[in-house]
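Here is how the chains run, residue by residue.
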Amino acid sequence: EKNLEYQLAVYSLLVNIFVILISLFNLFKDTIVYTFWTGIGFYALYAVLNLVVIAAVSKYTFGKKPDKKFLPFAVICLLGIALGNVFSFMLGLIALGKYFNKNEEVSVEWIDVIKRLFRNYTAVIGMFFVVLFISISIGSNLTFDYDIAISNNFAARLAKPSLMYPFGCDDYGRCVFTRIIFGASISLIIGIISTIVPIIIGGLLGAMAGFYGGRKDNVIMRVLDVLHAVPSILLAIAIIAAFGVSTINLILALSVSMIPSYARTVRAQVMGISNQEFVEAAKACGAKNGTIIFKHIIPNSLAPVIVQATMGIGSAVLST
């Protein structure tokens, strides 16, 4: 029975190991990018630091508040986000969140959510692959040669899978494996950002409409209904046709088309939560509307939004 911090440290180490192993396939190619060993060095160094963090997690106590001596290791974990290692970043945030928690008798809500998530091993395995894709996408800028992904090599046309070409080659002799690695970085950036933006905008609009009701609700939802009436893919094509093809315009096009669906989801949740006892208690204590919405209502409305967002990222990639 290992604690959450130990699990995060182990998964963080596994991500680094898998990124290194995948990147080493480039050694079987005729040439490697000049930054290859630099990238491998970064990930190998961080893998060693992960081993140190695992030892530190095992050594220092982790209860309601971690040992003060672990704080330098928490900072090291936060640096993992530069390599796309979300597990390491989460470990650093949890350690700092617990340490700076003023009321030790009250648990930190978002840490409890992560604990519940890690009780489901199927969810953790899925999360591991997502984090691995993110990390390898970032590392590909150092360890993979972009020319192999875009340059025609008719001598290797339709080559079968091998150590040199793990997924074979296409009609033009381009390495499919390398193309997938570089394509993943573009797809993930567009998919994640174009999902986060409508969650923020649609969530705020939906929360305001559901909480205040009346005329504000009517105005906000009727405007979103007009936007929702246009098919999302058609709206995206129209925006791209008007403003031109670029990553920013594509993110804008996909974000705008998804705002109404997130607003509707949050509004439905907020309308049900607004009549709960804890909201009435907050109002009786004199809490302002903004405090009630952001501190009490929205955090309790996120469950269906998270589920919708996981599917929204995939839809955004396909639309791209």
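The structure under discussion appears in the preceding block.
Residues numbered from 1 in each chain as written. Predicted model: local features only at pLDDT ≥ 70, side-chain atom pairs only at ≥ 80, totals over all residues. Heavy atoms only, no water.

Time to look at the overall build of the protein. Per the secondary structure count, the protein includes 14 helices and zero strands. When the elements of the protein are put in sequence order from the N terminus, they spell out α-α-α-α-α-α-α-α-α-α-α-α-α-α. Taking the principal axes of the C-alpha coordinates as reference, the protein spans close to 75 × 60 × 30 Å. The proportion of buried residues among the 320 residues of the protein is 42%. Within the protein, contacts between residues at least 6 apart in sequence are counted, and of these 69% link residues at least 24 apart. As displayed, the protein offers around 17500 Å² of accessible surface, 68% of which is attributable to carbon and sulfur atoms. Between the averaged position of the 24 positive side-chain charges in the protein and that of its 16 negative side-chain charges there is a distance of 4 Å. (Helix = DSSP H or I, 4+ residues; strand = E, 2+ residues; numbered from the N terminus. Buried < 20%, exposed > 50% of the residue type's maximum accessible area, 1.4 Å probe, protein only. Contact = heavy atoms within 4.5 Å. Areas by Shrake-Rupley, 256 points an atom, 1.4 Å probe, with all protein chains shown as cover. Lys, Arg positive; Asp, Glu negative; His and termini not counted. Charge placed at Lys NZ, Arg CZ, Asp CG, Glu CD.)

Considering all chains together, one arrives at five salt bridges under this definition. Across the pair E5 and K98 runs a salt bridge, and its minimum N-O distance is 2.8 Å. In this pair, E5 sits in helix α1 (residues 4-23) while K98 sits in helix α4 (residues 86-99), placing the two residues 93 residues apart along the sequence. Take K98: its relative accessible area is 7%, and that puts it in the buried class. Linking D217 and R267 is a salt bridge whose minimum nitrogen-to-oxygen distance equals 2.8 Å. Of the two residues, D217 sits in helix α9 (residues 214-229) while R267 sits in helix α11 (residues 247-273), which places them 50 residues apart along the sequence. D217 gets classed as buried once you look at its relative accessible area, which sits at 11%. Bridged by salt links that share partners, the residues R222, D225 and R264 form one connected network. (Salt bridge = Lys/Arg side-chain N within 4 Å of Asp/Glu carboxyl O.)

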